Amino acid sequence: QVRLVESGGGLVQPGGSLRLSCAASGSMYSFYFMGWYRQAPGKQREWVATITTRGQTSYADSVKGRFTISRDNAKNTVYLQMNSLKSEDTAVYYCTTDNVLGPPPTYWGQGTQVTVSS
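Keep in mind the model is a prediction, meaning the values are calculated, not measured.

Undergrad: Help me understand the packing of aromatic side chains in this model?
TA: Aromatic rings considered in pairs are described by the distance between their centres and by the relative angle of their planes. Following the criterion strictly, the structure yields three aromatic pairs and no others. Measuring from ring centre to ring centre gives 6.1 Å for Tyr94 and Trp108, while their planes differ by 70 degrees; the resulting arrangement is edge-to-face. A residue pair is termed long-range when its members are at least 10 positions apart, and Tyr94 in strand β9 (residues 91-98) and Trp108 in strand β10 (residues 107-108) qualify at 14 residues. Each member of the aromatic cluster is reached from another via a ring pair, and the members are Tyr37, Tyr94 and Trp108. Over the ring of Tyr79 we find Arg19; its NZ or CZ atom is 4.1 Å from the centre of that ring. Taking the ring centre of Tyr94 as reference, the NZ or CZ of Arg45 above it sits at 4.3 Å.

Have a look at this one:
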């Protein structure tokens, strides 16, 4: 069984920053792909970013240049540094992991709320 626990969400003003963290635990060998999805109210869940154990990263166009994904393999933890936040970034952010690439990922966290508002 794989468990993902997110933290770091909250309320921030437009233009501000937040850092999300997600710790993975359980029986999966390497958590090769770790990433983030988000779901805004009334919208479909969308992919945000992914990182491999080798540090290869990819981003959705909507967050490229503003968000940075990173990870600590020794701690099985992935981070999402979010800068220059906009109101449209408001969503529940979900941590994900899998050992194969192919959406959707197999394992999901419970989600953490990010609200960008003045």
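On we go.
Undergrad: What is the right way to read the sheet that holds strand β7 (residues 67-72) from this model?
TA: For sheets, the rule is that strands pair by backbone hydrogen bonds, running either parallel or antiparallel. Within the open sheet, the four strands sit side by side as β1-β3-β8-β7. Their pairing is antiparallel. Looking at strand neighbours, the two that pair on one side only are β1 (2-7) and β7, the edges of this open sheet. Sheet twist, expressed as the average angle between the axes of neighbouring strands with direction ignored, equals 15 degrees. Sheet analysis places strand β3 (residues 18-26) next to strand β8 (residues 77-82), joined by six bridges and oriented antiparallel. Bridging across to β8, Ser21 finds its partner in Tyr79.

Undergrad: Help me out: how do you make sense of the pairing of β3 in this one?
TA: Along any regular strand, the residues point their side chains to alternate faces of the sheet. Across six bridges, the pairing between β1 and β3 is antiparallel. The partner of Val2 across the bridge, within β3, is Gly26.

Undergrad: When you look at the state of the cysteines in this model, what are you seeing that I'm missing?
TA: A disulfide bridge is the covalent bond that connects two cysteines by way of their sulfur atoms. Applying the stated criterion across every chain, the model contains one disulfide. The disulfide partner of Cys22 is Cys95, and the gap between their sulfur atoms is 2.1 Å. On the sign convention where negative means left-handed, the S-S torsion of about -80 degrees between Cys22 and Cys95 marks this disulfide as left-handed. One end of the pair, Cys22, is in strand β3; the other, Cys95, is in strand β9, and 73 residues separate them in sequence. Overall, Cys22 belongs to the buried group, its relative accessible area being 0%. Here Cys95 falls in the buried class, since its relative accessible area comes to 0%.

What counts and how
- Residues numbered from 1 in each chain as written.
- Predicted model: local features only at pLDDT ≥ 70, side-chain atom pairs only at ≥ 80, totals over all residues.
- Heavy atoms only, no water.
- Phe/Tyr/Trp six-rings, centres within 6.5 Å; stacked < 30°, edge-to-face > 60°.
- Helix = DSSP H or I, 4+ residues; strand = E, 2+ residues; numbered from the N terminus.
- Lys NZ or Arg CZ within 6 Å of the ring centre and 35° of its normal.
- Pairing = 2+ DSSP bridges.
- Axes fitted to C-alpha atoms, helices over the stretch in contact; angles between N-to-C directions.
- Disulfide = S-S within 2.5 Å.
- Buried < 20%, exposed > 50% of the residue type's maximum accessible area, 1.4 Å probe, protein only.

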